[in-house]
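Observations on the three-dimensional arrangement
The residues making up each chain are set out below.
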Amino acid sequence: MHSQQVTAEPPSNARAERDSTVGEVPGVLPLTFDVIIAGCGPTGAMLAAELRLHDVRVLVLEKETEPTSFVRIVGLHMRSLELMAMRGLLDRIVQHGRQRPAGGFFAAIPKPAPKGLDSAYAYLLGIPQPVIERLLEEHALALGAQVRRGCAVTGFEQDDHGVTVELADGQQLRSRYLIGCDGARSTVRKLLGVGFPGEPSRTQTLMGEMEVGVPQEEIIAKMTEVRETQQRFWLRPFGEGVYSVLVPAAGVSDRTEPPTLEDFRQQLRTIAGTDFGVHSPRWMSRFGDATRLAERYRVGRVLLAGDAAHIHPPIGGQGLNLGVQDAFNLGWKLAAQIRGWAPDTLLDTYQAERHPVAEDVLDNTRAQTELLSTEPGAQAVRRLLTELMDFDEVNRHLIEKITAIGIRYDFGEGPDLLGRRLRDIDVKQGHLYGLLHRGRGLLLDRTERLTVGGWSDRVDHLADPTADLDVPCVLLRPDGHVAWIGDDQHDLDTHLSRWFGKPAN
Ligand SMILES: Cc1cc2nc3c(=O)[nH]c(=O)nc-3n(C[C@H](O)[C@H](O)[C@H](O)COP(=O)(O)OP(=O)(O)OC[C@H]3O[C@@H](n4cnc5c(N)ncnc54)[C@H](O)[C@@H]3O)c2cc1C
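The sections below set out a description of the structure shown in this document. As the structure is a prediction and not an experimental result, all values here were calculated from the model. (Residues numbered from 1 in each chain as written. Predicted model: local features only at pLDDT ≥ 70, side-chain atom pairs only at ≥ 80, totals over all residues. Heavy atoms only, no water.)

Description of the overall build of the protein chain
Helix and strand content of the protein chain: 12 helices and 24 strands. A compact globule built from 505 residues should have a C-alpha radius of gyration of about 23 Å, and the protein chain, at 24 Å, falls within 12% of that. For the protein chain, the C-alpha atoms occupy an extent of roughly 75 × 60 × 40 Å along the three principal directions. Expressed as a percentage of its 505 residues, the buried residues of the protein chain come to 54%. Carbon and sulfur atoms make up 51% of the accessible area of the protein chain, which amounts to about 21,500 Å² in all. (Helix = DSSP H or I, 4+ residues; strand = E, 2+ residues; numbered from the N terminus. Rg over C-alpha atoms; globule rule 2.2 N^0.38 Å. Buried < 20%, exposed > 50% of the residue type's maximum accessible area, 1.4 Å probe, protein only. Areas by Shrake-Rupley, 256 points an atom, 1.4 Å probe, with all protein chains shown as cover.)

What to know about the site of the ligand
As a matter of local geometry, the ligand sits amid 29 residues, with E62, R72, Q129, L320 and N321 nearest to it. K63 places a polar main-chain atom, nitrogen or oxygen, 3.1 Å from a nitrogen atom of the ligand. N321 places a side-chain nitrogen or oxygen 2.7 Å from an oxygen atom of the ligand. Of all elements in the fold, only α1 (42–52), β2 (58–62), β3 (73–76) and α8 (319–339) reach the threshold of two or more residues within the shell around the ligand. Among the elements that take part in the shell around the ligand, α8 stands out by supplying 3 residues, more than any other. Looking at the shell around the ligand residue by residue, the classes come out as 11 nonpolar, 12 polar and 6 charged. (Near = heavy atom within 4 Å. Polar contact = N/O pair within 3.5 Å; in protein donor to acceptor, adjacent residues only side chain to side chain. Nonpolar A, V, L, I, M, F, W, Y, C, P; charged D, E, K, R; others polar.)

Quick word on the sheet that holds β3
Strand order in the open sheet formed by 3 strands is β3-β5-β4, with antiparallel pairing between adjacent strands. Looking at which strands have only one partner, the edges of the open sheet turn out to be β3 and β4 (98–101). Averaged over all pairs of adjacent strands, the angle between strand axes in this sheet comes to 35°, irrespective of strand direction. Sheet topology note: the β3/strand β5 (residues 123–128) ladder contains 4 bridges and is antiparallel. Bridge pairing in β5 places L76 opposite L125. (Pairing = 2+ DSSP bridges. Axes fitted to C-alpha atoms, helices over the stretch in contact; angles between N-to-C directions.)

Notes on unusual backbone geometry
Here D55, not a glycine, exhibits a phi torsion of approximately 65°, which is positive. Mapped onto the secondary structure, D55 falls in the loop between α1 and β2. Judged by relative accessible area, which is 42%, D55 ranks as partly exposed. If you check the backbone angles, A107 has positive phi at about 55° while not being a glycine. Within the secondary structure, A107 is located in the loop between β4 and β5.

Some words on the pattern of salt bridges
Counting across every chain of the model gives 31 salt bridges. Across the salt bridge formed by E225 and K222, the nearest N and O atoms sit 3.5 Å from each other. Highlighted residues: E225 and K222, both in helix α6 (residues 216–227), separated by 3 residues, approximately one helical turn. Given a relative accessible area of 22%, K222 falls into the partly exposed group. A salt bridge links R396 to E393; its shortest N-O distance comes to 3.6 Å. Highlighted residues: R396 and E393, both in helix α11 (residues 392–403), separated by 3 residues, approximately one helical turn. Taking relative accessible area as the criterion, R396 reaches 16% and is therefore assigned buried. (Salt bridge = Lys/Arg side-chain N within 4 Å of Asp/Glu carboxyl O.)

Observations regarding the sheet that holds strand β24 (residues 482–485)
Pairing within the open sheet is mixed, and its 4 strands lie in the order β22-β21-β23-β24. In this open sheet, the two edge strands, each paired with only one partner strand, are β22 (459–463) and β24. Averaged over all neighbouring strand pairs, the angle between strand axes comes to 15°, with direction disregarded. Where strand β21 (residues 441–445) meets strand β23 (residues 473–476), 4 bridges bridge the pair, whose relative direction is antiparallel. For L443, the partnering residue across the bridge sits in β23 and is L475.

Focus: the packing of aromatic side chains
Tallied over the entire structure, the rule returns 7 aromatic pairs. Arranged with centres 4.8 Å apart and planes meeting at 50°, the rings of F411 and W499 form a pair that is tilted. Here F411 is found in the loop between α11 and β19 (426–427), whereas its partner W499 is found in helix α12 (residues 489–500), with 88 residues between them in sequence. An aromatic cluster is present here, built from W332, W341 and F500 joined pairwise through their rings. The lysine or arginine in question, R189, covers the ring of F196, its NZ or CZ lying 3.6 Å from the ring centre. In this arrangement the basic side chain of R301 is found over the ring face of Y177, its NZ or CZ atom lying 4.9 Å from the centre. (Phe/Tyr/Trp six-rings, centres within 6.5 Å; stacked < 30°, edge-to-face > 60°. Lys NZ or Arg CZ within 6 Å of the ring centre and 35° of its normal.)

Some points on helix α10 (residues 376–388)
Over its 13 residues, α10 runs 18 Å from end to end, which matches the ideal 18 Å to within 8%, given 1.5 Å per residue. Among all positions in α10, only A378, Q379, R382 and L385 are buried. An end-on view of α10 places all buried positions within 120° of arc, on one side of the element. Exposed residues on α10 whose side chains face more than 90 degrees from its buried face are P376, R383 and E387. (Expected span 1.5 Å × (residues − 1). Arc of directions from axis to C-beta.)

Quick word on the side chain of R458
Secondary-structure assignment places R458 in the loop between β21 and β22. Residue classification places R458 among the buried positions, given a relative accessible area of 7%.

A few points about the nonpolar core
With 118 residues, the main nonpolar core has I37, I179 and L444 as its most contacted residues. In terms of residues, this core owes the most to one element, α8, which gives 11 residues. When residues no more than four places from it in sequence are discounted, the contact partners of L444 are L422, I425, V427, L432, L462, A467, L469, P472, C473 and V474. If you look at the next biggest cluster of nonpolar residues, it comprises 19 residues, including L206, V226, Y243 and I271. (Core = buried A, V, L, I, M, F, W, Y, C linked by side-chain atoms within 4.5 Å. Contact = heavy atoms within 4.5 Å.)

Quick word on the packing of α8 against helix α9 (residues 349–371)
Where α8 meets α9, the axes come as close as 10 Å, and the angle between the chain directions of the two elements is 170°. Taken as axis vectors, α8 and α9 run roughly antiparallel relative to one another. Note on element contacts: α9 touches α8 through T349, Y350, E353, R354, V357, A358 and V361, opposite L322, Q325, D326, N329, L330 and K333. The residue makeup of the contact of α8 with α9, split by class, is 6 nonpolar, 3 polar and 4 charged. (Parallel < 35°, antiparallel > 145°, perpendicular 65-115°, else oblique.)

A short note on α11
Relative to the 16 Å expected for 12 residues at 1.5 Å per residue, α11 spans 16 Å between its end C-alpha atoms, a close match to the ideal helical length. Along α11, the residues that are buried comprise N395, R396, L398, I399, I402 and T403. Projected down its long axis, α11 shows its buried positions confined to an angular sector of 165°, all on one face. Packed against the buried residues of α11 are α2 (78–86), α9 and α10. One or two residues past the end of α11 sits A404, with phi positive at roughly 70°.

Next up, the structure:
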């Protein structure tokens, strides 16, 4: 089975796609699911959960039979922590991670964050990737998503009504949409024929977590000494004697083979003159610095999200965050399309909003990679930027970029808050984000005289003159971005239509 390129867009949603007859084609498999997601990494699991909030029938197909055991600590940045709070997940997730200061991540320049960052969750949460993946999968399952492991997607065909998905064992399944959350080597993206332009990997780095046999002072002294040279290595403590170790892979081990402890020892001895007695590795891996972005996020009924749509070096720790945020942007829009209330262009705003965000992340990782170079020119720029980061505004700008709280979608002319996400603020019922768990829109109304009228089946209304806002009212999308600001009912109705379609009555 080959992927079929279609130019036809899905049918008008004047009629809910969920109507039982829509999408059924004589002679073709029955539609068992609304959405099939390829890949149960963090992006796929988050998307499945978001769709389930709207009662969309979701199947996640994961090629691996067991969840990953590869213990890489990833950092959840402020915006992702906010999303977790918006869905009531943060308390559970925080228990499994370690809170760290929000600053010091841009090109690993160790500047503390300035005071007053615009978030109620102004920290970084370090958490093992398998743990966050498990928690997100459990969340999706608890909401009713189905996950089938040991099922690799190997092909699909799409038509005007749905997608027929083929698995490695030859089985076929049919759904209305297929979403490729299948990682950097995405089968879905390749079969779709979507270009993935960018730069190939130039350098490889070995990364692992292991114990060391020397005191921390000795490591710090050696790192300071080596920093004066053209060489680089990193040993960062992760608690209980365990260190995260990064060394260039050049010159050791075959690129196609998993790295060994001896590879790490050899590189440390070459660069630092000692291997610090590293032993007992928890895990070891290798990564490159390839940077690529899918040309399109959508072809008809097939869409891409997460690493399937973009890859970049891990510097700054943004990849998982970016994927989870893609899922958050796409989930409610795709659900609206399936449930029949999406305005005609809503689903296409996914690419319009998220593609530029990924472009920006790719660019900032390119810049950070240059700043890590040991070339004299790059080192001079790094010293200059380090000085500039003493200005709080510069430091804040870079932190807002890396943590994604600075994102402003283009919703047209309007106040600066329009298109940005609203931070978690105090409202009379507690915290704003506590009102967003169900993934619905929200009108936060300080005037107490507006109404969501015929949209009340998809938009909640909180009249609260005491809300900690300096504008009269905001309309929030289910992803927490500000879709409208004002105090006029007619204007509000126009914007409710723009984002939430026709009123129910
Ligand atoms: C060294 C390193 C450190 C990093 N640190 C951070 C960090 O601190 N913060 C951060 O945000 N990000 C970090 N990242 C990036 C992060 O790990 C990825 O961006 C993230 O895993 C992407 O999630 P995903 O769900 O899109 O893709 P993946 O995690 O790759 O998941 C894709 C899933 O799809 C499955 N799959 C593949 N093909 C198929 C198929 N044909 N059918 C069905 N299933 C399929 C795979 O088995 C996998 O489970 C780091 C990456 C590296 C290499």
